[in-house]
Amino acid sequence: MIIHNETIEYLKNFAEINQSLVIEKGDVIKTISEQTNVMARAGLKQDFPQDFAIYDLNKFLGVLSLFAEPEFKFREKSITIQSSVDANNFTAGDSVAEYQFANMSLFENERKILAKDIELPSEDASFKLEEKYLISIMRAASVMSLPEIAVVASEGKIKLQAIDSKTSVDSYAVELGQTDSNFKMIFKIENLKMMKGSYDVKISNKGLGHFRNCEKDLQSVSYTHLTLPTNREV
């Protein structure tokens, strides 16, 4: 099977969440962070023929980068990767890489957690996060050295803020819409591993945020770092 570029992009995104990955037979891949506070799911436009595990996903992606059109041939405990051209579009001839699978038994706990659907215990607010606002808030957080993103619902409005809840009063905010809810939920930026695009966002006051990409079959759930009532300053 030839691996689609979109599949590779999903794998790159998943590598930011967890360096290891279990792929199960079919057209869906899932991952969860080691701290179990970030989960992600992607629907693919291709099917994997068997279950297998990758211990070092970044190393695996590095191997794929050696080939312009990686083609997989599966074995019981390893995979061979080859292509008619290399990454520079020169003829690669019989170039073949072999990559050994990790022991699936190392990931039993992760598989049990990921067997469940990505759902929220409650949906207390929702909004659309357009790509331009996502780019804006992330850029501001980087420029201002702010490590957190807060979703604030107050006085009928919902907005996104880049903040530092511990040491600084500096902030940057964008208004996203209207809401009947009242809360402030704070996510660490390191837990918001999202690909480019706009997102439909649902918030649970139990401390979770659900992010569904509007253009791709991609979704994730992140646990909040801190949840506060809106009448409390941070």
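All right, on to the pattern of salt bridges then. The tally for this structure, following the rule as stated, stands at 10 salt bridges. The partner of Glu 123 in a salt bridge is Lys 202, and the shortest N-O contact between them spans 3.6 Å. You can see Glu 123 sitting in the loop between α3 (108–114) and β8 (125–129) and its partner Lys 202 sitting in strand β13 (residues 199–204), a full 79 residues away along the chain. We classify Glu 123 as exposed; its relative accessible area is 55%.

Moving on, we come to the side chain of Ser 204. Mapped onto the fold, Ser 204 is located in strand β13. For Ser 204, a relative accessible area of 0% puts it in the buried group. What Ser 204 contacts, discounting residues up to four positions off in sequence, is Leu 120, Pro 121, Ser 122, Asp 124 and Met 185.

A separate point is the side chain of Ser 83. Here Ser 83 lies in the loop between β6 (78–82) and β7 (96–100). Among the polar contacts made by the side chain of Ser 83, one reaches the main-chain carbonyl oxygen of Glu 69 at a distance of 3.1 Å.

A few words now on the sheet that holds β13. Taking strand neighbours across the sheet as the criterion, the six strands line up as β2-β3-β15-β14-β13-β8 in an open arrangement whose pairing is antiparallel. Either end of the sheet is taken by a strand with one partner, and the two such strands are β2 (26–32) and β8. Across the sheet, the mean angle separating the axes of adjacent strands is 20 degrees when strand polarity is ignored. Strand direction decides the pairing type here: β2 and strand β3 (residues 38–48), joined by six bridges, are antiparallel. Directly across from Val 28, in β3, lies its bridge partner Gly 43.

This next bit is on unusual backbone geometry. In this structure, Ser 145 is a non-glycine residue whose phi angle is positive, near 55 degrees. Along the chain, Ser 145 falls in the loop between α4 (131–143) and β9 (148–154). Residue Ser 145 is classed as exposed on the basis of its relative accessible area, which comes to 60%. In the Ramachandran plot, Glu 155 falls in the positive-phi region, its phi being about 55 degrees despite a non-glycine side chain. Locating Glu 155 in the fold gives a position in the loop between β9 and β10 (157–163).

This paragraph deals with the packing of aromatic side chains. Scanning all chains against the criterion turns up nine aromatic pairs. Between Phe 72 and Phe 74 the ring centres are 6.0 Å apart and the planes differ by 80 degrees, which places this aromatic pair in the edge-to-face class. For Phe 72, a relative accessible area of 3% puts it in the buried group. Three or more aromatic residues joined by ring pairs make a cluster, and in this case those are Phe 48, Phe 52, Phe 60, Phe 72, Phe 74, Tyr 99 and Phe 101.

How each quantity is defined
Residues numbered from 1 in each chain as written. Predicted model: local features only at pLDDT ≥ 70, side-chain atom pairs only at ≥ 80, totals over all residues. Heavy atoms only, no water. Salt bridge = Lys/Arg side-chain N within 4 Å of Asp/Glu carboxyl O. Helix = DSSP H or I, 4+ residues; strand = E, 2+ residues; numbered from the N terminus. Buried < 20%, exposed > 50% of the residue type's maximum accessible area, 1.4 Å probe, protein only. Contact = heavy atoms within 4.5 Å. Polar contact = N/O pair within 3.5 Å; in protein donor to acceptor, adjacent residues only side chain to side chain. Pairing = 2+ DSSP bridges. Axes fitted to C-alpha atoms, helices over the stretch in contact; angles between N-to-C directions. Phe/Tyr/Trp six-rings, centres within 6.5 Å; stacked < 30°, edge-to-face > 60°.

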